[in-house]
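Chain residues, written in single-letter form:
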Amino acid sequence: MTASNYDPAAYGEVLAADYDALYSTIPDTEEAVSCLAELAGDGSVLEMGIGTGRLALPLRSRGVEVHGIEASPAMVAELRKLPGGEDVPVAVGSFADTEVADKGFSVVVLALHTIFGLPTQDEKIRCFANAERHLGEGGVFVVEGTILDVGAFRAGQAVIPRFTSAERVELQVLRYDAATQSVATTNVHLSSDGVRLNGFSNAYASPQELDLMARLGGLRLRERWGSWTREPFTATCSRHVSVYARP
Ligand SMILES: C[S@@+](CC[C@H](N)C(=O)[O-])C[C@H]1O[C@@H](n2cnc3c(N)ncnc32)[C@H](O)[C@@H]1O
């Protein structure tokens, strides 16, 4: 995918109906919510790519004020169906440059692999700069990212059984392009309802590349963990939770 054909709404528009079924199995949502609530203290949280509110709704239940930026109206529609989902202010647009009226957030967060949906370095840098604009005094931008496992690919291709149950299987069919560090993913959902396909593309950046982009956006790495429970980030970690702040 190139910058010219990038549609920030595309991921959510194809996945909205399936998203909660697929992502309800993420094992550490509770830990992510606890970590974010702790970082927010008495302040508020802005979630970039808020989606259907997997993090935002439990944060609200803990009394944390949460706002969102979300490109996909279909994802926002799913959020609105859930208890409390009507009450979360969401600005529709790309988190690379969409601003919300309120600023001064204690935490801006971008979870899972979502930052890699931005196809170019320039867009990722704009995203860091946009997060910086929304931070209050002492605020932090928390980015969760996956580490691209190049070894999982054979001749640039891989098939990973992602979710399996008696009623439902999801396979990910992945194509890796070393020249652009990007992975095109097709999710193949198999169930008694039939077969459904949806696809998206991620342009990966290493943690160190993200740190450089953060600098260009006015932020510096403050901490990096291997999980939401703040395990040390080591060579064996498959993802990271990185905390950026103004220098
Ligand atoms: C993997 S989902 C994560 C949703 C939610 N944050 C969570 O943790 O469950 C990514 C979300 O980001 C949204 N998204 C992707 N690219 C975006 C962009 N450039 N601007 C705004 N939202 C975007 C998608 O529509 C989707 O709702």
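These notes cover the structure that comes with them. (Residues numbered from 1 in each chain as written. Predicted model: local features only at pLDDT ≥ 70, side-chain atom pairs only at ≥ 80, totals over all residues. Heavy atoms only, no water.)

## Let's talk about the overall build of the protein
Move 1: Per the secondary structure count, the protein includes 6 helices and 11 strands.
Move 2: Since a compact globule built from 247 residues should have a radius of gyration of about 18 Å, the 17 Å found for the protein is in line with a globular shape.
Move 3: If you line up the protein on its principal axes, its C-alpha atoms span 50 × 40 × 35 Å.
Move 4: In the protein, which comprises 247 residues, the share counted as buried stands at 51%.
Move 5: The contacts in the protein between residues at least 6 apart in sequence include a share of 58% that link residues at least 24 apart. (Helix = DSSP H or I, 4+ residues; strand = E, 2+ residues; numbered from the N terminus. Rg over C-alpha atoms; globule rule 2.2 N^0.38 Å. Buried < 20%, exposed > 50% of the residue type's maximum accessible area, 1.4 Å probe, protein only. Contact = heavy atoms within 4.5 Å.)

## Observations concerning the environment of alanine 77
Move 1: With respect to the helices and strands, alanine 77 occurs in helix 4 (residues 73–81).
Move 2: With a relative accessible area of 39%, alanine 77 lands in the partly exposed category.
Move 3: Note: C-alpha distance between alanine 77 and glutamate 38 (39 residues apart in sequence) is 28 Å.

## Details of the site of the ligand
Move 1: Near the ligand lie 22 residues; those nearest to it are Tyr6, Tyr19, Glu47, Gly49 and Glu70.
Move 2: In this structure, a nitrogen atom belonging to the ligand sits 2.6 Å away from a side-chain N or O atom of glutamate 47.
Move 3: A total of 600 Å² of accessible area belongs to the ligand in isolation, and the protein chains cover 98% of it.
Move 4: With respect to the detected pockets, the ligand is housed in the second largest pocket.
Move 5: At 3 residues, helix 1 (residues 10–23) tops the list of elements feeding residues into the shell around the ligand.
Move 6: Of the residues contributing to the shell around the ligand, the split by class is 11 nonpolar, 8 polar and 3 charged. (Near = heavy atom within 4 Å. Polar contact = N/O pair within 3.5 Å; in protein donor to acceptor, adjacent residues only side chain to side chain. Areas by Shrake-Rupley, 256 points an atom, 1.4 Å probe, with all protein chains shown as cover. 1 Å grid on protein atoms, 1.4 Å probe; cavity = no way out; pocket = protein on both sides within 12 Å on 5 of 7 lines; lining within 4 Å. Sits in = over half its atoms within 2 Å of the grid points. Nonpolar A, V, L, I, M, F, W, Y, C, P; charged D, E, K, R; others polar.)

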